[in-house]
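Letter by letter, the chains look like this.
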Amino acid sequence: MPGVTLDSSRKLGGYEFFEKILGSPKYIVAPMVDQSELAWRKLSRRYGAQVVYTPMINAKMFAEGNRKPYREQNFDTVHGEEGGPEDRPLIVQFCANNADHLLKSAKLLEAHCDAVDINLGCPQDIARRGHYGSFLQDEWDLIYEMINTLHKNLSIPVTAKFRVFSTVEKTVEYAKMLESAGAQILTCHGRTRDQRGVRSGVADWEKIRAVKEAVSVPVIANGNLLFYGDIERCLAATGADAVMSAEGNLYNPAIFMPAPSTSDLSTPGPSSSADPLSPASLYLTGYHPRNTSLALEYLATVKSQKTLTTPSAVKGHLFKLLRPALGKYTDLRERLGKVRVERAERDKDGGAAWGRYEEIIRELDERIELDIEAAAGKTLEELSPVDEATGFPVLPHWLAQPYVRPLPAEPEDAKPPKQSQKSGVEVAAMECSPEDDAPRGSKRPIPEEPSISPDPSAHGDTVEAKRARLESEGPSAGLSRIDGEPGPAAG
């Protein structure tokens, strides 16, 4: 049974751990600060996620325990829900630069999870100042010590999530070092440390494949997943054992599910008569549920559990799930943004304070029901025009869907290198950001999302040219950038 230790006297590792404890997972949700919290983990599992990571936890702060709320807000061991039967398999992620702090924190949680992961991927300035994440990338002795310390002293495996180097050779050498230190699973994000922000570029699936071919432990591929159809393409291109999704999961937690057979227009699938090379056939093969239903289901989960969810996490999730519909009904977006739920209110009267959100979502649902009725008789392809700026179809506003934004124009020498057919082409979640480094429970603003009016002339290719490229390169070709409000910190 996934998430249940079979023999406490013997620690499993590598593929034995991957198969017997994790259940040979294929679909994994990334660690995301203030976004992969318990309620979201539960929702993601209902829609196909097989393993989920906690948000990144600062090992030094968790180990010292000087700020009592920090431990409670980052992993609640009191109520027994985090790491409980409904929250497995679970991997807890820490950022650290000290083996002693890391070990102390990991020992506090090893009984509540299936593995401990070390964040070696964060490329943001906050990680540079804090000296963790990808800014340890050149300190191989320190990284080896941290991994090896956990490997030798924990009763559960240690894993690592990292970014690639500029060359395949150094990337492979680095991965081998991580494995030799004791990492039992490697998650490879196919971008370099310098690929961040508006210059995130594309993830290089060829480097992930090189890592997979060079090590003997399971490898998880991270990067370039927007639609369900991208999953098999990624697995085929990289040879990885599983895929990890960050922002794709946040905008559509059902990203891991194929399209259901249904005649319900609120959750349609592509028609059987669609052109096999059309954008709909390439991308719209997965499940895109009604976003208001997802939002209400998420809120019901938040209210049903004893473990408290931070108001910032709730608002962040709602804005992402409802982004397309709120873009049409901006008055409700404004009302949603003005809702304030204080931490002291969360557990009063059965979580009645969350009803302020529910009221707005139900009103939004009534409006989109009329839109669905007006669209009766149309196919999903007819309802999903191609965005000229990105070359991707835009689904009806009542469906959960990825948020794609084109990159701003850059000088040629500032652009990432061109990718071959085997490489990925999506820019997905940032590893972390200054805002996202705040502990769970801290207040952070939810910015209004700007309206986007793509200018095809600013992006070169015509729709026809983009489609031609898509037909030759596959489902993920042509994507520029995906991000959200506020961007998740996938460590």
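Computed from a predicted structure; not experimentally measured. (Residues numbered from 1 in each chain as written. Predicted model: local features only at pLDDT ≥ 70, side-chain atom pairs only at ≥ 80, totals over all residues. Heavy atoms only, no water.)

A.B. asks: Tell me about the packing of helix 2 (residues 38–46) against helix 13 (residues 291–304), and name the residues and values.
C.D. replies: Contact geometry for helix 2 and helix 13: axes closest at 9 Å, N-to-C directions at 130°. The pairing of helix 2 with helix 13 is recorded here as oblique in orientation. Seen from above, helix 2 lies across helix 13 with right-handed handedness. Only Leu294, Glu297, Tyr298, Thr301 and Val302 of helix 13 make contact with helix 2, whose side of the interface consists of Ala39, Trp40, Lys42, Leu43 and Arg46. Residue composition of the contact of helix 2 with helix 13, by class: six nonpolar, one polar and three charged. (Axes fitted to C-alpha atoms, helices over the stretch in contact; angles between N-to-C directions. Helix = DSSP H or I, 4+ residues; strand = E, 2+ residues; numbered from the N terminus. Parallel < 35°, antiparallel > 145°, perpendicular 65-115°, else oblique. Left-handed = near helix turned anticlockwise from the far one by under 90°. Contact = heavy atoms within 4.5 Å. Nonpolar A, V, L, I, M, F, W, Y, C, P; charged D, E, K, R; others polar.)

A.B. asks: Tell me about the pairing of strand 7 (residues 186–189), and name the residues and values.
C.D. replies: Across the two faces of strand 7 the burial is the same, with Leu186 and Cys188 and Thr187 and His189 all buried. In this structure, strand 6 (residues 158–163) lies alongside strand 7, joined through four bridges in parallel fashion. By the bridge assignment, Ala160 is partnered in strand 7 with Leu186. For the crossover from strand 6 across helix 8 (residues 168–181) to strand 7, the handedness is right-handed. For the segment spanning strand 7, helix 9 (residues 205–214) and strand 8 (residues 219–222), crossover handedness is right-handed. (Buried < 20%, exposed > 50% of the residue type's maximum accessible area, 1.4 Å probe, protein only. Pairing = 2+ DSSP bridges. Right-handed = clockwise from strand over helix to strand, strands pointing away.)

A.B. asks: How would you sum up the packing of aromatic side chains? Please name residues and give values.
C.D. replies: In the structure shown here, the tally under the stated rule is 14 aromatic pairs. With 5.3 Å between their ring centres and 45° between their planes, Trp140 and Tyr174 make a pair best called tilted. On the criterion of sequence distance, the pair formed by Trp140 in helix 7 (residues 140–153) and Tyr174 in helix 8 is long-range, its members being 34 residues apart. No difference in accessibility class separates Trp140 from Tyr174, as the two residues are buried. Every member of this aromatic cluster is reached through a ring pair, and the members are Trp140, Phe162, Phe165 and Tyr174. Positioned above the aromatic ring of Phe62 is the side chain of Arg71, whose terminal nitrogen or guanidinium carbon lies 5.6 Å from the ring centre. (Phe/Tyr/Trp six-rings, centres within 6.5 Å; stacked < 30°, edge-to-face > 60°. Lys NZ or Arg CZ within 6 Å of the ring centre and 35° of its normal.)

A.B. asks: How would you explain unusual backbone geometry if you had to name every residue and give the values?
C.D. replies: Cis geometry marks the peptide bond from Arg88 to Pro89, where omega comes out at -5°. By the element assignment, Pro89 lies in the loop between helix 4 (68–74) and strand 4 (90–95). At Asp34, a residue that is not glycine, the phi angle is positive and equals roughly 65°. By the secondary structure assignment, Asp34 is in the loop between strand 1 (27–29) and helix 2. Taking the relative accessible area as the measure of exposure, Asp34 reaches 4% and is therefore buried. With phi around 80°, Asn224 is a residue other than glycine that occupies positive phi space. Counting through the fold element by element, Asn224 comes out in the loop between strand 8 and helix 10 (229–238). We classify Asn224 as buried; its relative accessible area is 0%.

A.B. asks: Help me get a handle on the packing of helix 14 (residues 311–321) against helix 16 (residues 330–338), residues and values and all.
C.D. replies: Relative orientation of the contacting elements helix 14 and helix 16 amounts to 170°, with a least axis distance of 11 Å. As judged from the angle between their axes, helix 14 and helix 16 are roughly antiparallel. Taking contact as the criterion, the partners of Lys315, Leu318 and Phe319 in helix 14 are, on helix 16, Arg333, Leu336, Gly337 and Lys338. Taken together, the residues of the contact of helix 14 with helix 16 sort by class into three nonpolar, one polar and three charged.

A.B. asks: An account of the pattern of salt bridges is needed here, citing residue identities and associated values.
C.D. replies: The tally for this structure, following the rule as stated, stands at 23 salt bridges. Between Lys303 and Glu358 there is a salt bridge, and its shortest N-O distance comes to 3.3 Å. You can see Lys303 sitting in helix 13 and its partner Glu358 sitting in helix 17 (residues 355–374), a full 55 residues away along the chain. The class of Glu358 is buried, set by a relative accessible area of 13%. Its salt-bridge partner being Asp331, residue Arg367 comes within 2.9 Å of it at the nearest N-O pair. In this pair, Arg367 sits in helix 17 while Asp331 sits in helix 16, placing the two residues 36 residues apart along the sequence. The exposure class of Arg367 is partly exposed, given its relative accessible area of 22%. On the basis of relative accessibility, which here comes to 35%, the residue Asp331 falls in the partly exposed class. (Salt bridge = Lys/Arg side-chain N within 4 Å of Asp/Glu carboxyl O.)

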